[in-house]
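# Structure at a glance
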Amino acid sequence: MRGKLSATMTLREFENGYWYRKQLKDFAERIGIPAAAKLRKDELEKAIVVFLRTGNAALPTKRSLRRTGLKDIERGLHLKHRI
């Protein structure tokens, strides 16, 4: 039987289950983890573990969630160019 993610589940129940990224993302958005849609699966799991331990929804990562650098078009790369 497959369980559901809930804010009242124990840490052991969470760690003993297998959760897909979509399930984790939906749950993280429900409990208020910031930028949940941009996090990787491992980061979502860390954030949910922190939430289950402390009750606080916090961002678990220090990496920038914004894309930086030049875009391919700005570098002059196009689909019509030969490589």
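Being a predicted model, the structure only gives us computed values, none of them experimental.

What counts, and where the lines are drawn
- Residues numbered from 1 in each chain as written.
- Predicted model: local features only at pLDDT ≥ 70, side-chain atom pairs only at ≥ 80, totals over all residues.
- Heavy atoms only, no water.
- Helix = DSSP H or I, 4+ residues; strand = E, 2+ residues; numbered from the N terminus.
- Expected span 1.5 Å × (residues − 1).
- Buried < 20%, exposed > 50% of the residue type's maximum accessible area, 1.4 Å probe, protein only.
- Contact = heavy atoms within 4.5 Å.
- Core = buried A, V, L, I, M, F, W, Y, C linked by side-chain atoms within 4.5 Å.
- Phe/Tyr/Trp six-rings, centres within 6.5 Å; stacked < 30°, edge-to-face > 60°.

### Quick notes on unusual backbone geometry
Glycine aside, negative phi is the norm for most residues, and most peptide bonds take the trans geometry. Phi angles above zero are rare outside glycine, and A35 is one such case at about 55°. With respect to the helices, strands and loops of the structure, A35 is situated in the loop between α2 (21-31) and α3 (41-54).

### A word on α3
End to end, α3 covers 20 Å across 14 residues, agreeing with the expected 20 Å (1.5 Å per residue, within 8%). Of all the residues in α3, the buried ones are E43, L44, A47, I48, V49, F51 and L52. On its buried face, α3 sits against α1 (11-16) and α2. In the stretch just after α3, G55 is the one whose phi turns positive, near 90°.

### Structural notes on the nonpolar core
Counting 17 residues, the largest nonpolar core has L5, F14, L24, I33 and I48 as its most contacted members. Where this core is concerned, the elements lending two or more residues are α2 and α3. Sorting elements by how many residues they give to this core places α3 first, with six residues. Not counting residues up to four positions away in its chain, the partners in contact with L5 are F14, W19, Q23, L24, F27 and R30.

### Description of the packing of aromatic side chains
Inspection of the entire model under this criterion finds two aromatic pairs. Geometrically, the ring pair formed by F14 and W19 is stacked, given 6.1 Å between the ring centres and 10° between the ring planes. According to the relative accessible area criterion, F14 is buried, its value standing at 4%. On the basis of relative accessible area, W19 is assigned to the buried category, the value being 6%.

### A few points about the environment of L44
Position of L44 relative to the elements: it lies in helix α3. Along the chain, L44 and I33 lie eleven residues apart, while their C-alpha atoms are 8.8 Å from each other. Discounting residues that sit within four places of it in the chain, L44 has contacts with R21, L24, K25, A28, A36 and L39.

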